[in-house]
Amino acid sequence: MGELEAARHRLMGLGVDYAVARRQKAMAELDYERARGQVFVELFDKANAGEFKLPAEDVRKGLANMILDEKVYETYLLSSAEVDALDKLIRVEQANLTGLQTELAQLRIEYTHA
């Protein structure tokens, strides 16, 4: 039973970590989208002023990522990676917990039939 409780405890802790990471990702994504939108506006204004022809959307996105404050983009990427990693770890822990529960159920069956 100790192993089962430890697995439940780990999973609950990961759930808390996941909630915090999701919030951090949302805030980083908001900062990133705002900064990128500002770069898009600047590019659009320069194109309208005749400084250059507005490039295709994928090129604009690439330019925006190059022009953006490196920390904003880095924070966004790292927070996304953290959420993804926690999501995978939670799935592993859920599978572990399910395995332990199955094992416990099997032991109960064996004990009652002994």
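Caption draft 1: Broad picture of the overall build of the chain. Per the secondary structure count, the chain includes 3 helices and 0 strands. When the helices and strands of the chain are listed from N to C terminus, the series reads α-α-α. Relative to the 2.2 N^0.38 estimate, which gives 13 Å for 114 residues, the radius of gyration of the chain is 24 Å and therefore markedly larger than a compact globule would have. The principal-axis extents of the C-alpha atoms in the chain amount to approximately 85 × 20 × 15 Å.

Caption draft 2: Summary view of the packing of helix 1 (residues 2–48) against helix 2 (residues 57–67). Interaxial distance between helix 1 and helix 2 falls to 9 Å at its minimum, and their mutual angle equals 115 degrees. Overall, the two elements helix 1 and helix 2 adopt an arrangement that is roughly perpendicular. Both helix 1 and helix 2 take part in a crossing whose hand is right-handed. In contact with Tyr32, Arg36, Val39, Phe40 and Leu43 of helix 1, helix 2 contributes Arg60, Lys61, Leu63, Ala64, Asn65 and Ile67. Across the contact of helix 1 with helix 2, the residue classes break down as 7 nonpolar, 1 polar and 3 charged.

Caption draft 3: Local environment of the pattern of salt bridges. Throughout the structure, instances matching the rule amount to 6 salt bridges. For glutamate 5, the salt bridge identified is with arginine 8, shortest N-O distance 2.8 Å. Of the two residues, glutamate 5 and arginine 8 are both situated in helix 1; the distance of 3 residues between them amounts to about one turn of the helix. Note that lysine 71 is salt-bridged to glutamate 74, the shortest N-O span being 3.9 Å. Placement of both lysine 71 and glutamate 74 in helix 3 (residues 70–112) is noted, with a separation of 3 residues, approximately one turn of the helix. Glutamate 74 sits in the partly exposed class, given a relative accessible area of 34%.

Rules behind the numbers
- Residues numbered from 1 in each chain as written.
- Predicted model: local features only at pLDDT ≥ 70, side-chain atom pairs only at ≥ 80, totals over all residues.
- Heavy atoms only, no water.
- Helix = DSSP H or I, 4+ residues; strand = E, 2+ residues; numbered from the N terminus.
- Rg over C-alpha atoms; globule rule 2.2 N^0.38 Å.
- Axes fitted to C-alpha atoms, helices over the stretch in contact; angles between N-to-C directions.
- Parallel < 35°, antiparallel > 145°, perpendicular 65-115°, else oblique.
- Left-handed = near helix turned anticlockwise from the far one by under 90°.
- Contact = heavy atoms within 4.5 Å.
- Nonpolar A, V, L, I, M, F, W, Y, C, P; charged D, E, K, R; others polar.
- Salt bridge = Lys/Arg side-chain N within 4 Å of Asp/Glu carboxyl O.
- Buried < 20%, exposed > 50% of the residue type's maximum accessible area, 1.4 Å probe, protein only.

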